[in-house]
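Below, each chain spelled out in residue letters.
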Amino acid sequence: TNKKGRSFGHVTVSVVFRPVDSVARAELPGLATVSQPDTLVTSSLDSTSKRSKKAWKKLQSSSGIQPGENFGVLELSVKEGRDLVAMDRNGYSDPYIIVKYGAHEVYRTPSINKTLNPKWNCQCTLSAPPPATSIVIECWDKDQFTNDDFMGSLAYSSEELHIFENGSIWCKLQHVASGEVLLELRKHEPTQQQSQDSLSSGDISTLD
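Reading the values: the criteria
Position numbers for residues start from 1 in each chain and track the written sequence from start to end. Thresholds applied to this predicted model are a pLDDT of at least 70 for local features of residues and 80 or more for the giving and counting of side-chain atom pairs; totals over whole chains, interfaces and linings are not thresholded and use all residues. As a rule here, side-chain values cover all heavy atoms of the structure and leave hydrogens and water aside. Only DSSP runs of H or I covering at least 4 residues are called helices, and only runs of E covering at least 2 are called strands; the numbering of each starts at the N terminus. Burial classification: accessible surface area is computed with a 1.4 Å probe over protein chains only, and a residue below 20% of its type maximum counts as buried, one above 50% as exposed, and the rest as partly exposed. When checking whether two residues touch, look at their non-hydrogen atoms; a contact exists if any pair is within 4.5 Å. Per-residue and other accessible areas follow the Shrake-Rupley method at a 1.4 Å probe size, with only the shown protein chains counted as cover for residues. Should a side-chain nitrogen of Lys or Arg be within 4 Å of a carboxyl oxygen of Asp or Glu, the pair is scored as a salt bridge. Strand pairing is assigned whenever DSSP detects at least two bridges linking the two strands. To get an axis, a line is fitted to the C-alpha atoms, and for a helix only the part in contact is used. The angle between two axes follows their N-to-C directions and goes from 0 to 180 degrees. Pairs of N or O atoms are called polar contacts if they sit within 3.5 Å, as long as, within protein, a hydrogen donor faces a hydrogen acceptor (for residues adjacent in sequence, only side-chain-to-side-chain pairs). We call a set of buried residues a nonpolar core when its members are Ala, Val, Leu, Ile, Met, Phe, Trp, Tyr or Cys and they connect through side-chain atoms within 4.5 Å of each other.

Engineer: Pulling in residues and values, what's your account of the overall build of the chain?
Structural biologist: Each helix and strand in the chain was counted, giving 3 helices and 9 strands. Out of the 208 residues in the chain, the part that is buried amounts to 41%. Intrachain contacts of the chain at a sequence separation of at least 6 include 66% that bridge at least 24 residues. As presented, the chain carries roughly 11900 Å² of accessible surface, and 50% of it is formed by carbon and sulfur atoms.

Engineer: Go over the pattern of salt bridges with me, naming the residues and quoting the values.
Structural biologist: Scanning the model with the defined rule gives 6 salt bridges in all. The residue E184 makes a salt bridge to R186 at a minimum N-O spacing of 2.7 Å. A residue is classified by how much of its surface remains accessible, and R186, at 28% relative accessible area, is partly exposed. Salt bridges linked by common partners bring K79, E184 and R186 together as one network.

Engineer: Explain the side chain of T133 residue by residue, including any values.
Structural biologist: Among the secondary structure elements, T133 is positioned in the loop between β5 (119–127) and β6 (135–141). Judged by relative accessible area, which is 9%, T133 ranks as buried. Among all residues touching T133, those that are not within four sequence positions of it are L59, S63, Y101 and G102.

Engineer: Just give me the short version of the pairing of β5, but keep the residues and values in it.
Structural biologist: Burial of β5 is extensive: 7 of the 9 residues sit out of reach of the surface. Sheet analysis places strand β2 (residues 73–82) next to β5, joined by 7 bridges and oriented antiparallel. Each residue of the ladder has a partner; that of E80, found in β5, is K119.

Engineer: Please give an account of the sheet that holds strand β4 (residues 104–108) that cites residues and values.
Structural biologist: Strand order across the open sheet formed by 4 strands is β4-β3-β6-β7, with antiparallel pairing between neighbours. Sheet topology places β4 and β7 (149–156) at the edges, where each strand pairs with a single neighbour. Averaged over neighbouring strand pairs, the angle between their axes works out to 25 degrees when direction is ignored.

Engineer: Pulling in residues and values, what's your account of the side chain of T115?
Structural biologist: With respect to the secondary-structure elements, T115 resides in the loop between β4 and β5. In terms of polar contacts, T115 uses its side chain to reach the backbone amide nitrogen of N117, at 2.9 Å. When residues no more than four places from it in sequence are discounted, the contact partners of T115 are Y92, S93 and P95.

Engineer: Pulling in residues and values, what's your account of the pairing of strand β9 (residues 180–188)?
Structural biologist: Looking at chain direction, β2 and β9 are connected through 9 bridges and run antiparallel. Bridge assignment links G81 to a residue of β9, and that residue is V181. Where strand β8 (residues 169–172) meets β9, 4 bridges bridge the pair, whose relative direction is antiparallel. In the strand pairing of β9, W170 is matched with L182.

Engineer: Lay out the nonpolar core with the relevant residues and their values.
Structural biologist: I97, V99, Y107, W120, I135, L183 and L185 are the most contacted members of the largest nonpolar core, which has 34 residues in total. Counting only elements with at least two residues in this core, the list comes to α2 (45–63), β2, β3 (95–101), β4, β5, β6, β7 and β9. The leading source of residues in this core is β5, at 4 residues.

The structure is reproduced here in structure tokens:
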């Protein structure tokens, strides 16, 4: 618009944000990145980051984590499930996966409707938990009007992650009659630069 108030048209701008692998590997404590290699499902990076930061605050108080302390990066792939238990009257479930550090949720996949063999194809990069904290994988059935139904769980310590060194494996869900989840978890120890960045930046997980 010029000084006389006349309009000369408008411009429409489209912006596309693409994930950069080098950024995903440079996370500071309490942050998370999400990528979806398959268009079957979608997930919110913003909600995952907030969930991870909230969990990190709780871990700080319960595990004595010091400000700026860095335990490396955990790369998590939740690919698919098979032979899951049917929780709904139609003979199916609407399964999703929750990842916890101990009792604190850090990541959640979308739910897949009406299936016992879901394909989530979700990948997430998280700040790794302290060595003594278990990584818990839970499967749930999404319900619209009632509480979600438990469909099994399993847990790993940091020392047990070596079983994934050759790639994804089928992991049997515990506390249920049937069900397996295809997972891959890889922990990367913090580099010297990441540790220095964490200390110089302070504990970013305490930011609102």
